[in-house]
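These are the residues of each chain, in order.
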Amino acid sequence: MEANLVAEGNGHGAERGGSFDMGSLGRCLSSFVDEGSCESHRYYLSRRTVLEMLRDRDYSVPSSEIDITLQEFRAIHGQNLDIDRLKFSATNKSDPSKRVLVIFCGTGVVKVSSVRLIAAQIANRDSLTGLILVLQNQITNQALKAMDLFTFRVEMFQITDLLVNITKHVLKPKHEVLTDREKEKLLNKYKIEEKQLPRLLKKDAISRYYGLEKGQVVKVTYTGEITESHVTYRCVW
């Protein structure tokens, strides 16, 4: 039976002259294996998600920074990164007075001393309106309280939550943040108050991605092959 299977095959993977023809199998699976460091890959993915997140919040982010490949990222930063070099800031396109700073933290537990070190890294603090910290470990309660010392908004994300951009997931409906004027028109159109809208928790992943505050309204568009497209609105609480 085995002899018949070899003889009747289409030639792919067949023996030729006593040797196995590896070329007929196409590209070897081993060529798809990432031989670089896991650390650099995690930083690459999380940094890209943060850049996309800021772009979706209407911050000025060059496409060239988002589209950089893993190989190009490693060529710039190496396999064992200096996290201080990953720090960057961005300015809001609609309101240039808004500037956010992004800082990647190390692998250790974030303590009060870590917060003081972060504060020491911040230049032009008066022009800063937001700070995003990408954490790799836990943060102590004392360090959380110390964050209140900053006069601007501080957002914290675990690096594992940024390895994938949740808004790009095929099962995730499209979310659009309404302006204050669009929100007012919506409420007037249906003659309702914002508290009558379905709620979206402030700690929800979508709320955190867009940096939403209480009272903001999001338009959610659902599409599917079975059900027709439909729209709903949710208010952040």
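These numbers come from a predicted model, not from an experiment. (Residues numbered from 1 in each chain as written. Predicted model: local features only at pLDDT ≥ 70, side-chain atom pairs only at ≥ 80, totals over all residues. Heavy atoms only, no water.)

## Quick look at the sheet that holds strand β8 (residues 199-200)
Basically, it comes down to this: A pair of strands is labelled paired if DSSP reports no fewer than 2 bridges between them. The helix and strand labels rest on DSSP assignments: H or I over at least four residues marks a helix, E over at least two residues marks a strand, and numbering proceeds from the N terminus.
Strand order in this open sheet of 4 strands is β7-β9-β10-β8, and the pairing throughout is mixed. Of all strands in the sheet, those with a lone pairing partner are β7 (174-177) and β8, marking the two edges. Relative to strand β9 (residues 217-222), β7 runs antiparallel, the two being bridged by 4 bridges. Each bridged residue has a counterpart across the sheet, and for V177 the counterpart in β9 is V218.

## Examining helix α2 (residues 38-56)
Note the cut-off: Expected helix span is taken as 1.5 Å per residue step, with the number of steps being one fewer than the number of residues.
Taking 1.5 Å per residue, 19 residues should reach 27 Å; α2 reaches 27 Å between its end C-alpha atoms and fits that length. Backbone geometry just after α2 places D58 at a positive phi near 75°.

## Quick notes on the pattern of salt bridges
The condition that has to hold: Salt bridge, as used here: a side-chain nitrogen of Lys or Arg that lies within 4 Å of a carboxyl oxygen of Asp or Glu. Under the scheme applied here, a residue whose accessible area is under 20% of the maximum for its type counts as buried, over 50% as exposed, and between as partly exposed, the area being computed with a 1.4 Å probe on protein chains only.
The full count for this structure, using the stated rule, is 9 salt bridges. Between R57 and E155 there is a salt bridge, with the nearest N and O atoms lying 2.9 Å from each other. Here R57 is found in the loop between α2 and α3 (63-66), whereas its partner E155 is found in strand β6 (residues 153-158), with 98 residues between them in sequence. Residue classification places R57 among the buried positions, given a relative accessible area of 14%. One network of salt bridges, in which partners are shared, links R153, K202 and E213.

## Looking at unusual backbone geometry
Peptide bonds are trans in most cases, and residues, glycine excluded, mostly fall at negative phi. Its identity is not glycine, yet D58 carries a phi of approximately 75°, on the positive side. Tracing the sequence through the fold places D58 in the loop between α2 and α3. Of note in this structure, K191 is not a glycine but carries a positive phi near 55°. For K191, the position within the fold is in the loop between α7 (180-190) and β8. For K191, a relative accessible area of 72% corresponds to the exposed category.

## Examining the packing of α2 against helix α4 (residues 70-77)
So the rule is basically this: Axis lines are fitted to C-alpha atoms, over the contacting stretch for helices. Their N-to-C directions set the angle, which ranges from 0 to 180 degrees. For classification purposes, angles smaller than 35 degrees are called roughly parallel, those larger than 145 roughly antiparallel, those between 65 and 115 roughly perpendicular, and all remaining angles oblique. Left-handed describes a crossing in which the near helix is turned anticlockwise from the far one by less than a right angle; the clockwise case is right-handed. Contacts are assigned to residue pairs that have any heavy atoms within 4.5 Å of one another. In this classification, Asp, Glu, Lys and Arg are treated as charged, Ala, Val, Leu, Ile, Met, Phe, Trp, Tyr, Cys and Pro as nonpolar, and every other residue, Gly included, as polar.
Running from amino to carboxyl end, α2 crosses α4 at an angle of 110°, the nearest separation of the two axes being 10 Å. Comparing their axes, α4 and α2 come out roughly perpendicular. Read as a crossing pair, α2 and α4 show a hand that is right-handed. Residues S40, H41, Y43, Y44 and R47 of α2 form the contact with α4, whose own contacting residues are L70, F73 and R74. Its residues assigned to classes, the contact of α2 with α4 comprises 4 nonpolar, 2 polar and 2 charged.

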